[in-house]
Amino acid sequence: MTGTGARPAMRIALGGFGNVAGQLVEAVRTRPEFEIAAISARDLDAARRRAAQRGLNVPVVPADRLCDHARVIVECATYDAFRTIVEPAVAAGAHVVCVSVGALGVNLDLVDLAAESGGTIHVASGALPGLDILRAARESGLRSVRLVSHIRPESLAHEAWVIDRGIDLGPAGHEPVAVFSGSAREAARSFPRHFNVAVALALAGIGLDETEIEVLADGQLAGARHRVHVVSDAVELEMTSQNRPSRENSRTSRIVAPSILAALGELASPLRIGS
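Since this is a predicted model, take the numbers as computed values, not measurements.

Caption draft 1: Examining the overall build of the protein more closely. A tally of regular secondary structure across the protein gives 10 helices and 10 strands. The C-alpha atoms of the protein give a radius of gyration of 19 Å, which matches the 19 Å a tight globule of 275 residues would have. Taking the principal axes of its C-alpha atoms as reference, the protein extends roughly 50 × 40 × 30 Å. Sequence separation of 24 or more characterises 66% of the internal contacts of the protein that already satisfy a separation of 6 or more. Just so you have it, the protein exposes about 13,000 Å², and 49% of that area is on carbon and sulfur atoms.

Caption draft 2: Main features of the packing of helix H3 (residues 82-91) against helix H4 (residues 109-117). Taken N-terminus to C-terminus, the directions of H3 and H4 make an angle of 20°; their axes are 8 Å apart at the nearest point. Taken together, the axis directions place H3 and H4 in an arrangement best described as roughly parallel. The way H3 lies across H4 gives a crossing that is left-handed. Contacts between H3 and H4 pair Phe82, Arg83, Val86, Glu87, Val90 and Ala91 from the former with Asp109, Leu110, Leu113, Ala114 and Ser117 from the latter. Tallied by class, the residues present in the contact of H3 with H4 amount to seven nonpolar, one polar and three charged.

Caption draft 3: Molecular detail of the packing of helix H5 (residues 131-140) against helix H9 (residues 196-204). The geometry of H5 relative to H9 is characterised by a closest axis approach of 9 Å and an angle of 35° between their N-to-C directions. When H5 is examined against H9, the residues Leu131, Leu134, Arg135 and Arg138 are found in contact with a partner set consisting of Leu201, Leu203 and Ala204. Of the residues belonging to the contact of H5 with H9, the class tally is five nonpolar, no polar and two charged.

Caption draft 4: Representation of the sheet that holds strand E3 (residues 72-75). Read from one edge to the other, the open sheet built from five strands follows the order E2-E1-E3-E4-E5, with strand pairing classed as parallel. The open sheet terminates on both sides in strands that have one partner only, identified here as strand E2 (34-40) and strand E5 (120-123). Strand after strand, the sheet turns through a mean of 25° between neighbouring axes, direction not considered. The pairing of strand E1 (residues 10-15) with E2 spans six bridges and is parallel. Across the sheet, Gly15 pairs through a bridge with Ser40, a residue of E2.

Caption draft 5: Inspection of the side chain of His226 at higher detail. Mapping His226 onto the fold places it in strand E9 (residues 225-232). Look at His226 and you get buried, because its relative accessible area is 3%. For His226, the side chain forms a polar contact with the side chain of Ser149, separated by 2.7 Å. Setting aside anything within four residues of it in sequence, one finds His226 in contact with Ala127, Leu128, Pro129, Leu147, Val148, Ser149, Ile151, Val197, Met239, Thr240, Ser241 and Asn243.

Caption draft 6: Spatial organisation of the packing of aromatic side chains. Counted by the stated rule, this structure contains three aromatic pairs. With centroids separated by 6.2 Å and ring planes inclined at 50°, the aromatic side chains of Trp161 and Phe191 adopt a geometry described as tilted. Residue Trp161 is located in helix H7 (residues 160-164), and its partner Phe191 is located in the loop between helix H8 (184-190) and H9; the two are separated by 30 residues in the primary sequence. The pair Trp161 / Phe191 is uniform in exposure class, with both members buried. Members of the aromatic cluster, joined through ring pairs, are Trp161, Phe180 and Phe191. Sitting over the ring of Trp161, Arg165 keeps its end group 3.4 Å from the ring centre.

Caption draft 7: Quick look at the sheet that holds strand E8 (residues 212-217). One open sheet holds the five strands; their spatial order is E7-E8-E6-E9-E10, and the pairing between them is mixed. Edge positions in the sheet fall to strand E7 (177-183) and strand E10 (236-242), since each has one partner strand and no second. The sheet shows a mean angle of 10° between the axes of neighbouring strands, taken without regard to direction. Judged from the six bridges that link them, E7 and E8 form a sheet pairing that is antiparallel. Across the sheet, Gly182 pairs through a bridge with Ile213, a residue of E8. Packing against the sheet, H5 makes contact with strand E6 (142-151), E9 and E10, and its axis sits at approximately 155° to E6. Together, E6, E8 and E9 form the strand contacts of H9, whose direction differs from that of E6 by roughly 165°.

Caption draft 8: Representation of the nonpolar core in the model. With 39 residues, the main nonpolar core has Leu156, Val179, Phe195, Ile213 and Val230 as its most contacted residues. Looking at which element gives the most residues to this core, the answer is H9, with seven residues. Formed by 32 residues, the second largest nonpolar core is a distinct cluster that contains Ile39, Ala51, Val60 and Ala257.

About the cut-offs
- Residues numbered from 1 in each chain as written.
- Predicted model: local features only at pLDDT ≥ 70, side-chain atom pairs only at ≥ 80, totals over all residues.
- Heavy atoms only, no water.
- Helix = DSSP H or I, 4+ residues; strand = E, 2+ residues; numbered from the N terminus.
- Rg over C-alpha atoms; globule rule 2.2 N^0.38 Å.
- Contact = heavy atoms within 4.5 Å.
- Areas by Shrake-Rupley, 256 points an atom, 1.4 Å probe, with all protein chains shown as cover.
- Axes fitted to C-alpha atoms, helices over the stretch in contact; angles between N-to-C directions.
- Parallel < 35°, antiparallel > 145°, perpendicular 65-115°, else oblique.
- Left-handed = near helix turned anticlockwise from the far one by under 90°.
- Nonpolar A, V, L, I, M, F, W, Y, C, P; charged D, E, K, R; others polar.
- Pairing = 2+ DSSP bridges.
- Buried < 20%, exposed > 50% of the residue type's maximum accessible area, 1.4 Å probe, protein only.
- Polar contact = N/O pair within 3.5 Å; in protein donor to acceptor, adjacent residues only side chain to side chain.
- Phe/Tyr/Trp six-rings, centres within 6.5 Å; stacked < 30°, edge-to-face > 60°.
- Lys NZ or Arg CZ within 6 Å of the ring centre and 35° of its normal.
- Core = buried A, V, L, I, M, F, W, Y, C linked by side-chain atoms within 4.5 Å.

Dropping the structure here:
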């Protein structure tokens, strides 16, 4: 995995070595502009075995050692592991591409840390449509941002919000069942391990408290459907994405790994597209 031409391969370290990281490893094999330099995981011994199975001969290290091997870190772990991976990386001035964006909503102090250290927190969210145009609309004055998400009931069944309120998801196989309505901050708090899109939308737009979120359980869809409605002084938008579930893990959208590759590709490319 070495680069060609004037630009050396971008060295990337993976914080987390589950389904998404495995997809990235396979994709990078065909992308000479990238090189996997190191990986970390909660269980280092298990990660070493998985790396060997994939023919990946790189250091497997604790999260706080990833920056010894690369200046671009991809956080592709879990809500609970988010801070363990991101904090030492941004403190060291690294560029961190994040997947578990829902955790950022309760760790916004890391943005201040990045500002102090010269690091960068980069939100990769391919599951949502139109974040580029939303950022442009923000410059013209946003009036409202609303997200309506239809989620497969099995993805919501184990959430404390659903269990504590005794929400019956049975009818979701025939018609959408209302599960949540509130702000993006409340959505991130209520679905901490699931609702990354709410935080990504809020940070790109009008903020955690002003972004309106509605969640419905919907068993009639193959994967999550997200509809974004934006009103600004310059433009009014309505955008919908219909995501397909990952083949390896039906609770993860198939677009997640490609969205990370797209973010990395922008970093490595001499041409930048989008706002």
